[in-house]
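Fold and geometry: a report
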Amino acid sequence: MNPRRLLLELFHEALRSVDGERSVATALGELRPGPVALFAIGKAASSMTLGAFAALGDDVQQTLIITKDGHVDPRVATRPRVRVIESAHPIPDERSLAAGAELERQLVELPRGVYPIFLVSGGSSSLVESLRAGSTLDDLRSLNVRGMGSGWDIARLNTERGKLSRIKGGGVAALLDGRPAHALFISDVPGDDPGVIGSGLLGPAVGRTDRVHRLVVANVGAATRCVADAARARGVELEERRASFEGEAANVAAEFLDALRQTRADGLVWGGESTVMLPANPGRGGRNQHLALAAARALRAGESFTILAAGTDGTDGPTDDAGAIVDSLTVERAELGGADVERALRDYDSGLALEAAQDLLHTGPTGTNVGDLLIGIKQDAPRARDPTLPRML
C-alpha cells in the first residue's frame, strides 16, 4: 500500500475513535436526568452537542454552543432552542468576553428543575472568558501571545490564564453553588485533568460544595491505541508509545526519529503536544508543520520513512492545515518548488515549504481535539507525491 494512503487511513480511523458525537452519545446513553440544559464549549462543541442530542432527545430544553469560527455544524445550528456563538481562537477578543457573559447569564437564570450538562473540549480557554476585577482583555491577550511565543506547555498556559478569570479554575462549578451537574471532556492535555482542560473551566470548585460529575470521554491515548489496532488489521505492526510527547517541536522530531530508527516494529505512533518558541515575526505554519519539516530535514539518505504529524482538531497553530505528511524527498520537492527549507525552519515558515513540497495535510474541522498525533512507517517513500491522493479526509 502507498505509505501516504496508509497514514491517511490510520489518521482517519483515529479521528473516528475519538469523535465528539460518538463519544458523548456513548457516555450519556444511560443518563435520564429529566429536562436538560446543554453548555458546549470548545472546538469540538458541535459534534459533542450532536452526541448529547442523540442520547437525550427531547429532554434537551436549551443549548448554548460556544465554538471557534468555522466550526459550527449546520445540524446543530438549525435545531430549536439553540444559541450558537462563534468566538476567537487562539487569541481571545471581545467576542470571548461576550460569550463568557452569556454563559454566566444562562447559568444564573437556569431554572432549578433543569439539569446542566457541560461539554468541554480544547479551545475553551480562548473562546470564552469572564475576567476578574482589575484584569483587562489586553492583559489576557498579552498573556496568550507571551505564553505561546515562549513555548509554554498547555498546563502552564492554562494555569496562568486561570489567574485572570472568574470562570476558569473551577469558577463555573462555584457558580453552580452545589447544584448537581455533569461535565464531559474531550481532553487535549497530559494527564486528562479536568482542572487543566480548558483552563479548568469545569474544574473542581475551590472551597465550595461541588456536585459536578466529571468524565473524560476521549483522549490521545484512545487515538494512539486505535492507530495501532487499525495498522495491525492491515498487517502493519506499530510500536505505541504510551507517555505523551511534549517539549520543543524540533526536539520532539529528533526523539521520534531516533525511536523510529530503533524500533523493531514496522513503525511508531505517539501522541501529545509539542511547543514552539516563535520569533517576533513568524511566518506561516504551526507546531506540527514545524515538527514535520524538521523531521524531513533530519532524515538520512536512503531512509524510507514516511511520517505524519497532525493536530486531531484539524488545525495547526493559526493555519487551516492539520499538519503534514513528509518523507526523505520532502526537502528536495520543497526546494524544486522554490522554497528555502533552512530559512523556513529558522523563520517558522514551515507551511510555505511544505506547500511547495505538496505535503500539507488539510482535513477541515474534525469534531474532536485530543492533541497531536505522530505516526511513522518504515516503507518505501514515493519519488513524488501521488497526485491521485486527496488532501481531504
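Here's what I pulled together on the structure shown here. (Residues numbered from 1 in each chain as written. Predicted model: local features only at pLDDT ≥ 70, side-chain atom pairs only at ≥ 80, totals over all residues. Heavy atoms only, no water.)

1. Looking at the overall build of the protein chain
Within the protein chain, the secondary structure is distributed over 15 helices and 12 strands. For the protein chain, the C-alpha radius of gyration of 21 Å lies close to 21 Å, the compact-globule estimate for 393 residues. With the principal axes as the frame, the protein chain shows a C-alpha extent of 65 × 45 × 35 Å. A buried classification covers 58% of the 393 residues belonging to the protein chain. Across the protein chain, the fraction of contacts at a sequence separation of at least 24, relative to all contacts at a separation of at least 6, is 79%. (Helix = DSSP H or I, 4+ residues; strand = E, 2+ residues; numbered from the N terminus. Rg over C-alpha atoms; globule rule 2.2 N^0.38 Å. Buried < 20%, exposed > 50% of the residue type's maximum accessible area, 1.4 Å probe, protein only. Contact = heavy atoms within 4.5 Å.)

2. A look at helix α11 (residues 249-262)
The periodicity of an α-helix, 3.6 residues per turn, causes residues three or four places apart in sequence to face the same way. Its 14 residues place the ends of α11 20 Å apart at the C-alpha level, agreeing with the 20 Å of an ideal helix rising 1.5 Å per residue. Considered for burial, the residues of α11 that qualify are Ala249, Val252, Ala253, Phe256, Leu257, Ala259 and Leu260. Buried residues of α11 fall within an arc of 165° about the axis and therefore sit on the same side. Exposed side chains of α11 directed beyond 90 degrees from the buried face belong to Asn251 and Gln262. (Expected span 1.5 Å × (residues − 1). Arc of directions from axis to C-beta.)

3. Comments concerning the pairing of strand β8 (residues 267-272)
Burial of β8 is extensive: six of the six residues sit out of reach of the surface. Side-chain alternation along β8 places Gly267, Val269 and Gly271 on one buried face and Leu268, Trp270 and Gly272 on a second face that is also buried. In terms of strand pairing, strand β7 (residues 238-240) meets β8 through three bridges, oriented parallel. The residue of β8 that forms the bridge with Leu238 is Gly267. Two strands pair when backbone bridges link them, and β8 and strand β12 (residues 372-378) are joined in this way by six bridges, in the antiparallel orientation. From the neighbouring strand, Val269 faces β12, where its bridge partner is Ile375. (Pairing = 2+ DSSP bridges.)

4. Remarks on the packing of helix α2 (residues 20-27) against helix α3 (residues 45-56)
For the pair α2 and α3, the least separation of the axes is 7 Å and the interaxial angle reads 35°. Classified by chirality, the crossing of α3 by α2 is right-handed. Here Gly20, Glu21, Val24 and Ala25 of α2 lie close against α3, whose contacting residues are Ser47, Met48, Leu50, Gly51, Ala52, Ala54 and Ala55. Grouping the constituent residues of the contact of α2 with α3 by class yields seven nonpolar, three polar and one charged. (Axes fitted to C-alpha atoms, helices over the stretch in contact; angles between N-to-C directions. Left-handed = near helix turned anticlockwise from the far one by under 90°. Nonpolar A, V, L, I, M, F, W, Y, C, P; charged D, E, K, R; others polar.)

5. Considerations on the sheet that holds strand β10 (residues 323-327)
Strand order in the open sheet formed by six strands is β7-β8-β12-β9-β10-β11, with mixed pairing between adjacent strands. The open sheet has two edge strands, β7 and β11 (360-361), and neither has a second partner. In this fold helix α10 (residues 220-233) packs onto β7, β8 and β12, with an angle of close to 160° to the strand it touches most, β7.

6. Overview of the pattern of salt bridges
Two side chains bearing opposite charge may form a pair once their charged atoms approach each other closely. Across all of its chains, the model carries 34 salt bridges by this definition. A salt bridge links Arg166 to Glu104; the shortest N-O distance between them is 2.9 Å. Of this pair, Arg166 sits in the loop between α8 (154-162) and α9 (171-176) while Glu104 sits in helix α5 (residues 94-109), placing them 62 residues apart in sequence. Relative accessible area serves as the criterion here: at 14%, Glu104 is assigned to the buried category. (Salt bridge = Lys/Arg side-chain N within 4 Å of Asp/Glu carboxyl O.)

7. Description of the side chain of Ser130
Among the structural elements, Ser130 can be located in the loop between α6 (124-127) and α7 (137-149). Residue classification places Ser130 among the buried positions, given a relative accessible area of 6%. Contacts of Ser130, omitting those with residues within four sequence positions, involve Glu104, Leu164, Ser165, Arg166 and Ile167.

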